[in-house]
Amino acid sequence: MAILKLLSEEVFDFSRGEMTQQKIKELKQSLNSEFQLIHELCMYVLSVSQRTELIRATLATLHAFLSWIPLGYIFESTLLETLLKFFPVPAYRNLTLQCLTEVAALTFGDFYNDQYVKMYTIFMVQLQNVLPPNTSIPEAYANGSNEEQAFIQNLALFFTSFFKSHIRVLESSQESINALLLGLEYLINISYVDDTEVFKVCLDYWNSLVLELFEQTHHNLDNPAMTANMMGLQQMPLLSGMADGLGAQLVQRRQLYSGPMSKLRLLMISRMAKPEEVLIVEDENGNIVRETMKDNDVLVQYKIMRETLIYLSHLDHDDTEKQMLKKLSKQLNGEDWSWNNLNTLCWAIGSISGSMVEEQENRFLVMVIRDLLNLCEITKGKDNKAVIASNIMYVVGQYPRFLRAHWKFLKTVVNKLFEFMHETHPGVQDMACDTFLKIVQKCKRKFVVVQVGENEPFVSELLTTLPTTIADLEPHQIHTFYESVAQMIQAEPDPQKRDEYVQRLMELPNQRWTEIIGQARQSVDYLKDPDVIRGVLNILQTNTSAASSLGTYFLPQISRIFLDMLNVYRMYSELISTSIAQGGPFASRTSIVKLLRSVKRETLKLIETFLDKAEDQPHIGKQFVPPMMDPVLGDYARNVPDARESEVLSLFATIINKYKGAMIEDVPRIFEAVFSCTLEMITKNFEDYPEHRLKFFSLLRAIATHCFPALIRLSSEQLKLVMDSIIWAFRHTERNIAETGLNLLLEMLKNFQVSEFANQFYRTYYLTIEQEIFAVLTDTFHKPGFKLHVLVLQHLFCLVESGMLTEPLWDASTVPYPYPNNAAFVREYTIKLLSTSFPNMTSAEVTQFVSGLFESTNDLPTFKNHIRDFLVQSKEFSAQDNKDLYAEEAAAQREREQQRMRSIPGLIAPNEIQDEMVDS
């Protein structure tokens, strides 16, 4: 028995990916013909043996064979009866259940439906003796032995496998419906077991069941007569009746499952996983603390549970609301109060945002928020208050539509958040600032208009009390706060008011800035004090936060500090260079140098943020770019490598992407300052200066896209450096660097193709590029770049095939005879190149591949599939994980899934919806 079990496992379980499909098929066929003997042997042992160990070994062997043997051996023999006979015996229970689960998972049409119903109903009768329906399964699991716990796990697998494949069969008669409902009851009971793996199995099934019920009713139940009408059936009374019959059937099916679905809602609410926005958690010692690490498993589980609950809400909004409010009232009267119960309930309430119609959602939320604020008032104890606060913040953050429509609620909520900003319990302030930002982003217009019964817009009132509101916040929380208020100001349509608000917002940092600059004018050494450096950094970060929200409207503020800021930058840069020159590489790791560099980086980030967010107004570029040439670019060139900030490269990439051709005149200076000195840093190896690498290629790409004429003016030595660095980039194993390099290469190829230097450029670089692209395409380390490799090759082959190049690509001095055209030359060159690279392929295979490339140059999907097949055939790829070769198809599939989600209210979370703000 043990040998037979090993045989099945070796051939069918462990050999996936090792054997070709043909080989597996042949082996299965030969084993099928032998299987009769194996089957007889197993049945014989099970019917006559008294030896426990032998019977267990036989059941294990059967389990290994069941997934692939001919169905007759299962359904037309006494196999199922024998298994069901062994099920009640404790020693065989788990093994038998595993065998039955294998059978339950098989699907092949309706031929054996009756046997399935019979198997299931007998199983349910026996199960009630083994595990009475009124047992508390979570308790039994918690106190059970390993065998008993394994039994509950196997039971979950049996039910989920059976229902996934055969639930419709059980809906056919009253007797089987009763057995089905009892089975669902068991599965809900098992879903409460405190074990992640068991819960995952159940959750996965519940998600697929509610999706099926939802889709069926969502698509058809809206109006069965309408469906019939669309199909032109209304004119035919008989068929119209059929359409109504279909509607009735759907209603019936929905009613059949309404009981289990209601219990499932309660399960989902009680076990809801923690969403990403919640930062306050209970640690293993029962203390309420700030979360330090995100748990990805929990986030994945939250996503599935949220989706399941949204479908459940759509299936019955009233029941969903009733269950949630009932649970909430038990929190208030203390009957059910615990941190965990309140958390899961509020996470569930937050997760169904958008799934109810607006009127119902509003009514529901008024009750929820009122009760939660009430709970916060009556509950004593700092920890309890922190938990309730985190839940209030989570729920209100999830319902922007409600807040937009109810100003009084919105105002109460925001003032409550301001209260929480003084609450020093770990995580509460962070969450208050995050929630404030989230709400403002979705409701910003509401804060800049004068609301009924008020004298001034909320934003003005807020700016007056700003110093006291932020008094207890940490610097990073203050930055979030500034970003939020700047979002409000950005929504003010009156330019005069807006400028006044910006001035009031920036009053505190500006006072401090004026003070520091004033002191520095007296004595430059003042700027070297670590506390002053920290102060400067903090002021710059506050400005960056405001600039990220205000965009163009930040212009008066940045103009005010810009030149002083560049002077500080220059001075700190000199300090850094001196320290590194004197103290060697070690100096760059001292705390003072790190602090000085943070100020330089923040200065660059502030300018980049402003220019990036500002509308495309050339005068802004003309005002800000020239003064930076020496303090920023010149400084980069003068610095020692360890003191060069990679942000300089990304700042100038942003500037070129923003002002495009207007920057052509400045490109030579940019090149001169950053090009060869950066290349020197990054081409020594693949590891040093990772930040500079990526940003350098992004800058090059910006120049190639928007200022291509400046590249043409480079000397041939400089152009060679550019091309070498591009090749060097796409050889890189770091995915984003390789991708930037390939995108840059495509820009260059297209631009040169239409320039007057096309012949000259391609003569110099065509063969090198082709060779290098084939090298990375076939080395198995660069699979993620597959899509771009294909595009480059397609470009190269189209180019010669179309005859656009008028001069030969071959070197006449080394080629004995001229070719009829470039296509013939490239064809022969490619065959030689691949034949030497893949000695294991015949010349016929290589020639056929290259011919195929030339035939499909104008048909990208065929061209791509042709290359994909070649790679798999070339043996290098055959035993590997090749999903990256199919990344585009996977992306298209994801896009289709997004489309589907957009069509179902609530499925896309409110904070992910890019809603063009509507004033309601």
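The structure displayed is predicted, hence computed values, not measured ones. (Residues numbered from 1 in each chain as written. Predicted model: local features only at pLDDT ≥ 70, side-chain atom pairs only at ≥ 80, totals over all residues. Heavy atoms only, no water.)

1. Quick look at the overall build of the chain
Turning to step 1, where the next piece is worked out: Check the secondary structure of the chain and you find 42 helices and two strands.
Turning to step 2, where the next piece is worked out: Per-residue burial for the chain yields a buried fraction of 52% across its 920 residues.
Turning to step 3, where the next piece is worked out: A fraction of 75% describes how many contacts in the chain between residues 6 or more apart in sequence connect residues 24 or more apart.
Turning to step 4, where the next piece is worked out: For the chain, the computed accessible surface area is about 42600 Å², with 53% contributed by carbon and sulfur atoms. (Helix = DSSP H or I, 4+ residues; strand = E, 2+ residues; numbered from the N terminus. Buried < 20%, exposed > 50% of the residue type's maximum accessible area, 1.4 Å probe, protein only. Contact = heavy atoms within 4.5 Å. Areas by Shrake-Rupley, 256 points an atom, 1.4 Å probe, with all protein chains shown as cover.)

2. Some words on the nonpolar core
Turning to step 1, where the next piece is worked out: In terms of nonpolar packing, the biggest core is built from 301 residues, with Phe-123, Phe-159, Phe-163, Trp-206, Phe-436 and Met-748 touching the most fellow members.
Turning to step 2, where the next piece is worked out: Phe-436 has contacts with Val-414, Leu-417, Phe-418, Met-421, Leu-462, Phe-481, Ser-484, Val-485 and Met-488, leaving out every residue within four places of it along the chain. (Core = buried A, V, L, I, M, F, W, Y, C linked by side-chain atoms within 4.5 Å.)

3. Observations concerning the packing of helix α26 (residues 507–522) against helix α28 (residues 555–583)
Turning to step 1, where the next piece is worked out: The interhelical angle for the contact between α26 and α28, taken along N-to-C directions, is 35°, at an axis separation of 12 Å. Our pair here, α26 against α28, has a crossing hand that is left-handed. Counting all contacts with α26, which are made through Asn-510, Trp-513, Thr-514, Ile-517 and Arg-521, the residues of α28 involved are Gln-557, Arg-560, Ile-561, Asp-564, Met-565 and Val-568.
Turning to step 2, where the next piece is worked out: A per-class count over the contact of α26 with α28 returns five nonpolar, three polar and three charged. (Axes fitted to C-alpha atoms, helices over the stretch in contact; angles between N-to-C directions. Left-handed = near helix turned anticlockwise from the far one by under 90°. Nonpolar A, V, L, I, M, F, W, Y, C, P; charged D, E, K, R; others polar.)

4. Considering the environment of Thr-768
Turning to step 1, where the next piece is worked out: Along the chain, Thr-768 falls in helix α37 (residues 758–777).
Turning to step 2, where the next piece is worked out: As for Thr-768 and Met-723, which are separated by 45 residues in sequence, their C-alpha atoms are 10.0 Å apart.

5. A look at the packing of aromatic side chains
Turning to step 1, where the next piece is worked out: A full pass over the atoms with the stated rule returns 46 aromatic pairs.
Turning to step 2, where the next piece is worked out: Look at Phe-87 and Phe-123: their rings are 4.8 Å apart centre to centre, the planes differ by 40°, and that puts the pair in the tilted class. Remark: Phe-123 occurs in helix α7 (residues 113–130) and Phe-87 occurs in the loop between α5 (79–86) and α6 (93–104); sequence separation between them is 36 residues. Comparing Phe-87 with Phe-123 shows no difference in burial state: the two are buried.
Turning to step 3, where the next piece is worked out: Stacked on the ring of Tyr-553, the Lys or Arg Arg-498 has its end atom at 3.5 Å from the ring centre.
Turning to step 4, where the next piece is worked out: Of note, Lys-600 hangs over the ring of Tyr-569, and the distance from its end group to the ring centre comes to 5.2 Å. (Phe/Tyr/Trp six-rings, centres within 6.5 Å; stacked < 30°, edge-to-face > 60°. Lys NZ or Arg CZ within 6 Å of the ring centre and 35° of its normal.)

6. Structural notes on the environment of Ser-573
Turning to step 1, where the next piece is worked out: Along the chain, Ser-573 falls in helix α28.
Turning to step 2, where the next piece is worked out: Measuring from C-alpha to C-alpha, the distance between Ser-573 and Asp-635 comes to 7.5 Å, with 62 residues separating the pair along the chain.
Turning to step 3, where the next piece is worked out: Setting aside its immediate chain neighbours within four residues, Ser-573 contacts Lys-600, Asp-635 and Asn-639.

7. Comments concerning the layout of surface pockets
Turning to step 1, where the next piece is worked out: Estimates place the volume of the second largest pocket at around 480 Å³.
Turning to step 2, where the next piece is worked out: Around the second largest pocket, the lining is made up of 18 residues, and of these Tyr-302, Lys-303, Arg-306, Ala-909 and Glu-912 lie nearest the centre.
Turning to step 3, where the next piece is worked out: For the lining of the second largest pocket, a count of residues per class yields nine nonpolar, three polar and six charged. (1 Å grid on protein atoms, 1.4 Å probe; cavity = no way out; pocket = protein on both sides within 12 Å on 5 of 7 lines; lining within 4 Å. Points joined across faces, edges and corners; volume = space filled by probe spheres on them.)

8. Here we look at the pattern of salt bridges
Turning to step 1, where the next piece is worked out: All chains considered together, the criterion is met by 34 salt bridges.
Turning to step 2, where the next piece is worked out: Among the ionic pairs, Asp-319 bridges to Lys-322, the shortest N-O distance being 4.0 Å. With Asp-319 and Lys-322 both in helix α16 (residues 317–332) and three residues apart, this pair spans about one turn of that helix.
Turning to step 3, where the next piece is worked out: With its nearest N and O atoms 3.5 Å apart, the salt bridge here joins Lys-416 to Glu-377. (Salt bridge = Lys/Arg side-chain N within 4 Å of Asp/Glu carboxyl O.)

9. Section: unusual backbone geometry
Turning to step 1, where the next piece is worked out: Located in the positive-phi region is Lys-660, a residue other than glycine, with phi close to 45°.
Turning to step 2, where the next piece is worked out: Counting through the fold element by element, Lys-660 comes out in the loop between α31 (647–659) and α32 (667–682).
Turning to step 3, where the next piece is worked out: On the accessibility criterion, Lys-660 (38% relative accessible area) is partly exposed.

10. Some thoughts on empty space enclosed by the protein
Turning to step 1, where the next piece is worked out: What the rule picks out here adds up to two cavities of 30 Å³ or more.
Turning to step 2, where the next piece is worked out: By volume, the largest cavity amounts to about 40 Å³.
Turning to step 3, where the next piece is worked out: If you trace the largest cavity, you find it lined by Ile-670, Phe-671, Val-674, Phe-675, Phe-696, Leu-699, Leu-700 and Ile-703.
Turning to step 4, where the next piece is worked out: Looking at the lining of the largest cavity residue by residue, the classes come out as eight nonpolar, no polar and no charged.

11. Overview of helix α39 (residues 822–837)
Turning to step 1, where the next piece is worked out: Compared with an ideal rise of 1.5 Å per residue, which puts 16 residues at 22 Å, α39 spans 22 Å between its outermost C-alpha atoms and is within 8% of the ideal.
Turning to step 2, where the next piece is worked out: Listed as buried for α39 are Asn-822, Ala-823, Phe-825, Val-826, Tyr-829, Thr-830, Ile-831, Leu-833 and Leu-834. (Expected span 1.5 Å × (residues − 1).)

12. A closer look at the side chain of Asn-759
Turning to step 1, where the next piece is worked out: Inspection of the secondary structure assignment puts Asn-759 in helix α37.
Turning to step 2, where the next piece is worked out: What makes Asn-759 buried here is its relative accessible area of 16%.
Turning to step 3, where the next piece is worked out: Apart from residues lying up to four places away in sequence, Asn-759 is in contact with Leu-805, Thr-806 and Glu-807.

13. Details of the side chain of Asp-371
Turning to step 1, where the next piece is worked out: With respect to the secondary-structure elements, Asp-371 resides in helix α18 (residues 358–378).
Turning to step 2, where the next piece is worked out: Sequence-distant contacts of Asp-371, that is, excluding residues within four places in its chain, are made with Leu-328 and Leu-332.

14. Some points on the confidence of the model for the chain
Turning to step 1, where the next piece is worked out: When pLDDT is averaged along the chain, the result is 85, and 90% of the positions lie at 70 or above.
Turning to step 2, where the next piece is worked out: Under a pLDDT of 50 for its full length, residues 221–243 has, in the predicted model, 18 contacts with residues more than four places off or in other chains. (pLDDT = per-residue confidence, 0-100.)

15. Points about α32
Turning to step 1, where the next piece is worked out: For α32, with 16 residues, the first-to-last C-alpha span of 21 Å sits near the 22 Å given by 1.5 Å per residue.
Turning to step 2, where the next piece is worked out: The principal kink in α32, of about 30°, is found at Val-674.
Turning to step 3, where the next piece is worked out: Within the span of α32, buried status applies to Val-667, Ile-670, Phe-671, Ala-673, Val-674, Phe-675, Cys-677, Thr-678, Leu-679, Met-681 and Ile-682.
Turning to step 4, where the next piece is worked out: Looking at the buried residues of α32, the elements they touch are α30 (618–638), α31, α33 (690–706), α34 (708–712) and α35 (716–730). (Bend = angle between axes of the 7 residues up to and from the residue.)

16. Notes on the packing of helix α21 (residues 407–420) against helix α22 (residues 428–443)
Turning to step 1, where the next piece is worked out: Contact geometry for α21 and α22: axes closest at 8 Å, N-to-C directions at 150°. When the axis of α21 is compared with that of α22, the two are roughly antiparallel. Remark: the crossing between α21 and α22 carries left-handed chirality. The segment α21 lies against α22, with Leu-410, Val-413, Val-414, Leu-417, Phe-418 and Phe-420 engaging Val-428, Gln-429, Ala-432, Thr-435, Phe-436, Ile-439 and Cys-443.
Turning to step 2, where the next piece is worked out: Residue composition of the contact of α21 with α22, by class: eleven nonpolar, two polar and no charged. (Parallel < 35°, antiparallel > 145°, perpendicular 65-115°, else oblique.)

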